[in-house]
Amino acid sequence: MALGRGSLTARSIMTTLALTLGVAAPRGAGAEGPARAPVAAPEAAPATPYALDGVSRDIPAGRMKCPRFDTRRYAGTGVRYASPIFVHSAFVEKLIAFDALVASTAVEVYGRAPEELHHLGGTTCESLNGQRRFSEHAFGNAIDVDSFTFGALPAGERLPEGLPAGLALAFKVSISWHFFAKSPLGRVHSRFLHRLALRLVADRDLFRVVLGPGYGDHWSHFHLDAAPYRFSFVLASPDLAR
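Residues numbered from 1 in each chain as written. Predicted model: local features only at pLDDT ≥ 70, side-chain atom pairs only at ≥ 80, totals over all residues. Heavy atoms only, no water.

Re the overall build of the chain
Reasoning step 1: Secondary structure summary: the chain contains five helices and 10 strands in total.
Reasoning step 2: Within the chain, the proportion of its 242 residues that are buried is 46%.
Reasoning step 3: Considering only contacts in the chain between residues 6 or more positions apart, those separated by 24 or more positions represent 63%.
Reasoning step 4: Here the chain has roughly 12100 Å² of accessible surface; of this, 54% comes from carbon and sulfur atoms. (Helix = DSSP H or I, 4+ residues; strand = E, 2+ residues; numbered from the N terminus. Buried < 20%, exposed > 50% of the residue type's maximum accessible area, 1.4 Å probe, protein only. Contact = heavy atoms within 4.5 Å. Areas by Shrake-Rupley, 256 points an atom, 1.4 Å probe, with all protein chains shown as cover.)

A few points about the pattern of salt bridges
Reasoning step 1: Counted according to the given criterion, the structure contains eight salt bridges.
Reasoning step 2: Between Arg208 and Asp53 there is a salt bridge; the shortest N-O distance is 2.5 Å. With Arg208 in the loop between helix H4 (184-202) and strand E8 (209-211) and Asp53 in the loop between strand E1 (43-44) and strand E2 (71-74), the pair connects residues that are 155 residues apart, well separated along the chain. (Salt bridge = Lys/Arg side-chain N within 4 Å of Asp/Glu carboxyl O.)

Describing the packing of aromatic side chains
Reasoning step 1: One pass over the structure, following the stated rule, counts 15 aromatic pairs.
Reasoning step 2: Summarising the aromatic geometry, the rings of Tyr110 and Phe171 are spaced 5.1 Å apart at their centres and angled 50 degrees between planes, so their arrangement reads as tilted. Here the residue Tyr110 occupies a position in helix H2 (residues 92-110), and Phe171 occupies one in strand E7 (residues 171-174), the gap between them amounting to 61 residues. For the pair Tyr110 and Phe171, one class covers both residues: buried.
Reasoning step 3: Here Phe148 and Phe192 contribute two aromatic rings whose centre-to-centre distance is 5.4 Å and whose plane-to-plane angle is 80 degrees, an arrangement assigned as edge-to-face. With Phe148 in strand E6 (residues 142-150) and Phe192 in helix H4, this residue pair connects regions lying 44 residues apart in the sequence. (Phe/Tyr/Trp six-rings, centres within 6.5 Å; stacked < 30°, edge-to-face > 60°.)

Some thoughts on the layout of surface pockets
By rolling a water-sized probe across the atoms, one finds the places where empty space is left.
Reasoning step 1: Each pocket or cavity is described by its volume, and for the largest pocket that value is around 490 Å³.
Reasoning step 2: Lining the largest pocket we find 22 residues, and of these Leu128, Asn129, Leu211, His218 and His223 sit closest to its centre.
Reasoning step 3: Of all the elements in the fold, those that place two or more residues in the lining of the largest pocket are E8, strand E9 (222-225) and strand E10 (229-233).
Reasoning step 4: Its residues placed into classes, the lining of the largest pocket shows nine nonpolar, eight polar and five charged. (1 Å grid on protein atoms, 1.4 Å probe; cavity = no way out; pocket = protein on both sides within 12 Å on 5 of 7 lines; lining within 4 Å. Points joined across faces, edges and corners; volume = space filled by probe spheres on them. Nonpolar A, V, L, I, M, F, W, Y, C, P; charged D, E, K, R; others polar.)

Comments concerning H2
Reasoning step 1: Spanning 19 residues, H2 covers 26 Å between terminal C-alpha atoms, matching the ideal 27 Å at 1.5 Å per step.
Reasoning step 2: Turning to H2, its buried residues are Val92, Lys94, Leu95, Phe98, Asp99, Leu101, Val102, Ala103, Thr105, Ala106, Val109 and Tyr110.
Reasoning step 3: Positive phi shows up at Gly111, right after H2, with a value of about 85 degrees. (Expected span 1.5 Å × (residues − 1).)

Here's the deal with the confidence of the model for the chain
For residues with low pLDDT, the predicted coordinates do not support detailed interpretation.
Reasoning step 1: A residue-level look at the chain finds 82% of positions with pLDDT of 70 or above and a mean pLDDT of 84.
Reasoning step 2: Confidence over residues 1-40 falls short of pLDDT 50; this stretch has 63 contacts with residues more than four positions distant or in other chains. (pLDDT = per-residue confidence, 0-100.)

Brief notes about the environment of Phe139
Reasoning step 1: Mapped onto the elements, Phe139 comes out in the loop between strand E5 (116-121) and E6.
Reasoning step 2: Its relative accessible area of 5% is what places Phe139 among the buried residues.
Reasoning step 3: In this structure the C-alpha to C-alpha distance between Phe139 and Gly122, which are 17 residues apart in sequence, comes to 8.8 Å.
Reasoning step 4: Not counting residues up to four positions away in its chain, the partners in contact with Phe139 are Leu52, Val55, Ser56, Arg57, Pro67, Phe69, His88 and Phe134.

Here we look at the pairing of E9
Reasoning step 1: The alternating pattern of E9 places Phe222 and Leu224 and His223 and Asp225 on opposite faces, both of which are buried.
Reasoning step 2: Pairing geometry for E6 and E9, over four bridges, is antiparallel. Among the inter-strand pairings, Val145 is bridged to a residue of E9, identified as Phe222.
Reasoning step 3: The sheet contact formed by E8 and E9 spans three bridges and is antiparallel. Its bridge partner being in E9, Val210 is matched across the sheet by Leu224. (Pairing = 2+ DSSP bridges.)

Quick look at the structure:
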């Protein structure tokens, strides 16, 4: 499977993961062997406190009962959500900051912010990978984002230098289709997604968990949450973000 512009070797993949996770790349990770993801334990006790830090994620014995919390309806700030999302009231502040990051990154790449963000939901009463622990979705403390829709470039405005003329039209950027795209248009979309992913990981005051392509079943979306620990895993490359 082609992984991006040019050729990403096993070594470059490992370096990317090491940068993203903040761990050292394993020795001897070269093109001669298969790439293996470094093992990284979640970093506990982030320095900045958050409203849900003291809430137990353990599921009591017996039939699972969904947690109750202060739910808020959110439809986007600056970037409209394709459908409103229902999340914990404390998580709304995270989404407002996320929308601003999406918009600023898109303006750098495309000369405009997306008109619409598509998500796969916020609140879902579910356990964490079959464990007797609630996932962050059970508290409305997470969002899964899979695509962005851009309108046509407004009349009188110009695309950033070097972009294909086709990007002046309306288009959709999908994580599943474009994260490792190689066509002239696709490479621009890949640049946007990789740049956004790297910034999400770098901003330690925004989301504590950032998952994306390369981690389990997250090839099609970014999972973002504010769990009481830090963990990031996404095959985002600084080279593809340039």
